[in-house]
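Residue-level structural notes
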Amino acid sequence: MTHMHVAGAIHADVSTPGPQWLERPSDPNKLNSALWSKTTERAEDGVISTAGLRVTDAIEQFGSPVYLMDEQDFRHRAREFRDAFEGWTVYYAGKAFLTRTVAHWVDEEGLSLDVCSAGELATALQAGFDPARIGMHGNNKSVDELATALDAGVGRIIIDSLDELDRIIELCEANDWHARVMVRVTPGVEAHTHEYIATAHEDQKFGFSITNNQAMVAMVRCHYDPHTTLLGIHSHIGSQIFDTGGFEVAARRTMKLLSQFTDATGTQLPELDLGGGFGIAYTSQDSPSTPEQLAGDLREIVAHEARGHGMIEPRLSIEPGRAIVGPAAMAVYTVGTVKPVDLEGGAQRIYVSVDGGMSDNIRPALYAAEYSAVLANRCSQAETVLCRVVGKHCEGGDILVHDVFLPADVHPGDLLAVPASGAYSRSMASNYNHTPRPPVVAVNDGVAKVLLRRETLDDLMALDVGE
Ligand SMILES: Cc1ncc(COP(=O)(O)O)c(C=O)c1O
Ligand SMILES: N[C@@H](CCCC[NH3+])C(=O)O
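Residues numbered from 1 in each chain as written. Chains lettered and ligands numbered in written order. Predicted model: local features only at pLDDT ≥ 70, side-chain atom pairs only at ≥ 80, totals over all residues. Heavy atoms only, no water.

- If you check an unreviewed UniProt entry, the chain appears there as Diaminopimelate decarboxylase from Brooklawnia propionicigenes.
- Listed in UniProt under the heading Catalytic activity (unreviewed entry), the comment for the chain reads: "meso-2,6-diaminopimelate + H(+) = L-lysine + CO2".
- Per UniProt, the comment on the chain under Cofactor (unreviewed entry) is "pyridoxal 5'-phosphate". (UniProt positions renumbered as here; feature names shortened; annotations may be inferred.)

**Brief notes about the overall build of the chain**
- A tally of helices and strands in the chain yields twelve helices and 21 strands.
- The C-alpha radius of gyration computed for the chain amounts to 24 Å, which stays within 12% of the reference 23 Å derived for 467 residues, consistent with globular compactness.
- Each principal axis of the C-alpha distribution contributes one length, and for the chain these read about 75 × 55 × 40 Å.
- A buried classification covers 57% of the 467 residues belonging to the chain.
- Considering only intrachain contacts with a sequence separation of at least 6, the fraction spanning at least 24 residues in the chain is 69%.
- By element, 48% of the accessible surface of the chain is carried by carbon and sulfur atoms, the whole surface being about 19300 Å². (Helix = DSSP H or I, 4+ residues; strand = E, 2+ residues; numbered from the N terminus. Rg over C-alpha atoms; globule rule 2.2 N^0.38 Å. Buried < 20%, exposed > 50% of the residue type's maximum accessible area, 1.4 Å probe, protein only. Contact = heavy atoms within 4.5 Å. Areas by Shrake-Rupley, 256 points an atom, 1.4 Å probe, with all protein chains shown as cover.)

**Thoughts on the pairing of strand E21 (residues 447-452)**
- Note: strand E20 (residues 440-444) against E21, five bridges, orientation antiparallel. By the bridge assignment, Ala 442 is partnered in E21 with Lys 449.
- Where E20 folds back on E21, the antiparallel hairpin that results is connected by two residues, among which Asp 445 adopts a positive phi of roughly 50 degrees. (Pairing = 2+ DSSP bridges.)

**Quick notes on the nonpolar core**
- Phe 85 and Tyr 92 are the most contacted members of the largest nonpolar core, which has 111 residues in total.
- Looking at which element gives the most residues to this core, the answer is helix H8 (residues 245-265), with seven residues. (Core = buried A, V, L, I, M, F, W, Y, C linked by side-chain atoms within 4.5 Å.)

**Some remarks on helix H2 (residues 71-84)**
- Between its terminal C-alpha atoms H2 stretches 20 Å, which fits the 20 Å expected from 14 residues at 1.5 Å a residue.
- Residues of H2 that are buried include every one of Glu 71, Asp 73, Phe 74, Arg 75, Arg 77, Ala 78, Phe 81 and Ala 84, and no others. (Expected span 1.5 Å × (residues − 1).)

**Let's talk about the side chain of Ser 49**
- Among the secondary structure elements, Ser 49 is positioned in strand E2 (residues 48-50).
- You can call Ser 49 buried: its relative accessible area is 8%.
- Leaving out residues up to four positions away in the same chain, Ser 49 has contacts with Thr 39, Thr 40, Glu 41, Arg 54 and Val 55.

**Some points on the UniProt feature "binding site: pyridoxal 5'-phosphate" (unreviewed entry) in the chain**
- Summarizing the sequence annotation, UniProt attributes the feature "binding site: pyridoxal 5'-phosphate" (unreviewed entry) to Gly 277, Glu 319, Pro 320, Gly 321, Arg 322 and Tyr 424 in the numbering used throughout.
- Checked against the element boundaries, Pro 320 lands in the loop between strand E13 (315-318) and helix H10 (322-325).
- Pro 320 gets classed as buried once you look at its relative accessible area, which sits at 1%.
- Discounting chain neighbours no more than four positions away, the residues touching Pro 320 are Phe 81, Val 90, Tyr 91, Tyr 92, Ala 93, Gly 276 and Phe 278.

**So, the site of ligand 2**
- Every residue near ligand 2 is listed here: Lys 95, Ile 197, Ser 239, Arg 322, Arg 363, Tyr 367, Tyr 424 and Met 428.
- Residue Arg 322 places a side-chain N or O atom 2.6 Å away from an oxygen atom belonging to ligand 2.
- Protein chains bury 84% of the 310 Å² of accessible surface belonging to ligand 2 in isolation.
- In terms of residue class, the shell around ligand 2 is built from four nonpolar, one polar and three charged. (Near = heavy atom within 4 Å. Polar contact = N/O pair within 3.5 Å; in protein donor to acceptor, adjacent residues only side chain to side chain. Nonpolar A, V, L, I, M, F, W, Y, C, P; charged D, E, K, R; others polar.)

Okay, here's the thing in structure tokens:
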């Protein structure tokens, strides 16, 4: 393949073929609407904007890199879940991304909130989120975390071990508290996602196994203990899942467990939580279901199982995180270097280094997650070349986008935007290489509001209290 020689940066006349699914875009300036927030568009002068804020202005005002979050997009997706799952309770999974402002959006759109740490709980409580609509997760909640949750009166604690149950009972006894609990079970599903984010097979850390009877043991203890009210059971099969078959198996096994519990105790538990995990589009190869499709499928499965077991349908809940916040934000980076590297067979790979990387998005390094990127500050009529977008960290695996076609004239100073960066990017960000984490700026109708400010070197040095 040949392409233009440009500005001394790229001298490749052969680029690597890339993965099979990756198509050379017929027009690299056109945004694939499936990947971007609803108000993201490219102006005639080539600059991309979200909710009216141009990325060039955003970088000038807030620095680079920056996450830009489309508030209306977030709210719209939250409402879509709420409406599609009417009659169910939708818990927004705060681990995907949570700030006090986000907690307000969740509240205003009528969703409940799933938190899984003291930090997420504090954020929700400081935002004034109704504790009764908070569910507390975690496979190793500390005594302090449990005490804070119980004292605040959270609506439910999702129990993950008998040790945790012991701690809850002790705390309730000592403080005259009462705990509303669910038992997290492992339905033994092999979800089709990366091994690290699949959570329903037997050999992993979350939940009580159904097959070895641990789930039933925990449920019976919670049911009969005077300090706890057992609301039902919880199952989360994993994250970034497209195939509803996994949820179907989970629903079948959890409904069977509920029915067995009724046989054993004479009580039908009122609730079943099927967790989150609904996949989103990061690249053109992903085609997620809509909330309506998911709701339709899940309703049908649960109704079918209830009929089969002669049960009343339990109250249902879900916990989407990524599917609400993921598509709402893009990450914007500045290109620092462009470098062709020769590969075997005469091919070349173009390495485009940006001013962020694995510290603001660990997902490619951790899960081999695929992303895409576009030139964000201008249009280009140059031919496209296959590039790899890499970060600035001292790590060979510091890759943000493994394979993407970018215009061959991409050069230092250009801006690249990475869509679908709202979930698990900032929330999993680190200070690796003493890198301050970028800010998250919400945009609504042209008005920008900083949700999380940029960290500074002073923030980092403040932690270093030694000599
Ligand atoms: C218990 C639980 N609920 C909900 C979620 C949210 O998942 P997702 O963001 O994929 O919807 C997770 C994360 O995987 C989880 O562990
Ligand atoms: N952090 C994961 C999702 C799992 C998180 C919750 N169990 C990701 O980025 O895909």
